[in-house]
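Architecture at a glance
Here's the letter readout for the chains.
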Amino acid sequence: MSELFLVSPEVAEAVAGRRPVVALETTLVTHGLPRPDGVRVAAALEETVRSRGAIPATIGILDGAVRVGMTTAELARLAAVDRPVKVNLGNLAAEVAAGGCGSTTVAATMFAAARAGILVFATGGIGGVHRGSTETGDVSADLAALARYPVAVVCSGAKAILDLPRTVELLETLGVPVLGLGTDEFPAFYRRESGLRIDRRYDWIADVARAVRTHLDLGFTTGLVIANPVPEADALPREMHDSALGTALLEAADVSGRDVTPYLLDRMRALTGGASVKTNEALLLNNARAAADVAVALADRASG
Ligand code: PSU
Ligand code: MN
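What you are looking at is a predicted structure, and each value in this text was computed from that prediction instead of being measured.

Criteria and cut-off values
Residues numbered from 1 in each chain as written. Chains lettered and ligands numbered in written order. Predicted model: local features only at pLDDT ≥ 70, side-chain atom pairs only at ≥ 80, totals over all residues. Heavy atoms only, no water. Helix = DSSP H or I, 4+ residues; strand = E, 2+ residues; numbered from the N terminus. Rg over C-alpha atoms; globule rule 2.2 N^0.38 Å. Buried < 20%, exposed > 50% of the residue type's maximum accessible area, 1.4 Å probe, protein only. Contact = heavy atoms within 4.5 Å. Areas by Shrake-Rupley, 256 points an atom, 1.4 Å probe, with all protein chains shown as cover. Near = heavy atom within 4 Å. Polar contact = N/O pair within 3.5 Å; in protein donor to acceptor, adjacent residues only side chain to side chain. Core = buried A, V, L, I, M, F, W, Y, C linked by side-chain atoms within 4.5 Å. Salt bridge = Lys/Arg side-chain N within 4 Å of Asp/Glu carboxyl O.

**So, the overall build of the protein chain**
Helix and strand counts for the protein chain come out as 13 helices and 11 strands. Taken against the 2.2 N^0.38 rule, which gives 19 Å for 304 residues, the C-alpha radius of gyration of the protein chain at 18 Å falls within 12% of a compact globule. Its C-alpha atoms give the protein chain principal-axis dimensions of roughly 50 × 45 × 35 Å. Here the protein chain holds 304 residues, and 56% of them are scored as buried. Residue pairs at least 24 apart in sequence account for 74% of intrachain contacts in the protein chain once pairs closer than 6 positions are excluded. Surface summary for the protein chain: the accessible area is close to 12700 Å², and the carbon and sulfur share equals 52%.

**Quick notes on the site of ligand 1**
In the region of ligand 1, 17 residues are neighbours, and E25, K86, S140, D142 and K159 sit closest. Between ligand 1 and the protein, one listed contact pairs an oxygen atom with a side-chain N or O atom of K86 at 2.8 Å. Here an oxygen atom of ligand 1 and a backbone polar atom of V106 are 2.8 Å apart. Contact with the protein chains covers 96% of the free accessible surface of ligand 1, which is 480 Å².

**Notes on the nonpolar core**
Ranked by internal contacts, the top residues of the largest apolar core, which has 100 residues, are V68 and I126. The element that contributes the greatest number of residues to this core is helix 13 (residues 275-303), accounting for 12 residues. Sequence-distant contacts of V68, defined by excluding residues within four places in its chain, comprise F5, L6, V7, S8, V11, A57, T58, I59, A112, A116 and I118.

**Some words on the environment of D293**
Here D293 shows up in helix 13. For the pair D293 and T167, spaced 126 residues apart in sequence, the C-alpha separation works out to 27 Å. If we skip the residues at most four places from it in the chain, D293 touches R52 and I205.

**Examining the side chain of H130**
Tracing the chain through its elements places H130 in the loop between strand 7 (120-122) and helix 7 (133-136). Residue classification places H130 among the buried residues on the basis of a relative accessible area of 7%. Excluding anything up to four places from it in sequence, H130 contacts D138, L162, D163, V260 and T261.

**With respect to the pattern of salt bridges**
Within the structure shown, the criterion is met by 19 salt bridges. Taking the shortest distance from any N to any O, the salt bridge between R201 and D184 comes out at 3.0 Å. Of the two residues, R201 is situated in strand 10 (residues 200-202) and D184 in the loop between strand 9 (178-181) and strand 10; the sequence distance between them amounts to 17 residues. Under the relative-accessibility criterion, R201 is labelled partly exposed at 36%. Residues R192 and E232 are paired through a salt bridge, measuring 3.8 Å at the closest nitrogen-oxygen approach. Of this pair, R192 sits in the loop between strand 9 and strand 10 while E232 is found in the loop between strand 11 (224-227) and helix 11 (238-251), placing the two residues 40 residues apart along the sequence. By relative accessible area, R192 is classed as partly exposed at 25%. Residue E232 is classed as exposed on the basis of its relative accessible area, which comes to 59%. Each of D63, R67, E74 and R77 takes part in a single network of salt bridges with overlapping partners.

Next up, the structure:
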């Protein structure tokens, strides 16, 4: 493989042996969580994936190369960069060409996972259609990536800072299956419910893994969303959530482009006295667990 795209020996061997692997992104480490929570949570996500019998593949860009399966030292270096670039599909090649470092969003992580042969990816919440998108045109590249790369993304829906009804509509338009784990509704990140529909509910990992396998066996080249709501005990209380969100959205009126999501997440942190970060961490760990279980179930099917 080229020196532009480096897969760690552990991940390469696991993929070649059809053993379970879970991709993890790095934008949530550098932009989604405050320091030093990002690196600590990244390590906890890897540990969670391992404890369920899968191999973690943390993905990011360092010294002009896409890294799949970053070491602890590499991740620490990326997190230590003063203002790491948030890399999605459009700016990835330029960043690599410049020899730089960057953290990968859901979109860029899906690209790298697909290229490395990884089927399952755990994150917090996907990006989507932003509020006010009819004026700004701001729609996350995560949706384009879901339409393009055959990776199952385990997430707690999309962040409520987004326009969730339009996000769900666009997933439908793009033909991306939205499979719920123990839920009939599209989760709203910090909270379990949105009132929005999903394609199908699953209550067992084996069943959702079978649906993923069938999607791939039928020859679909699109990704899938596996929507796993935050555990009830970890969800933000409704009043705290709604009032913080209302204020954060007002404050974000002048923020645009790639800064919008990190800005809103940071305002939610401040306005909830840090509670949103605890919720974010809890749902991430819950998604890493579910993703590892799905990856193990998929590997069992492949070999059995
Ligand atoms: N989920 C989180 N925290 C995050 C993100 C998602 O819990 O920081 C990041 C992801 O990397 C996602 C990105 O891809 O936010 C979306 O950014 P944008 O809306 O600019 O596409
Ligand atoms: Mn955007």
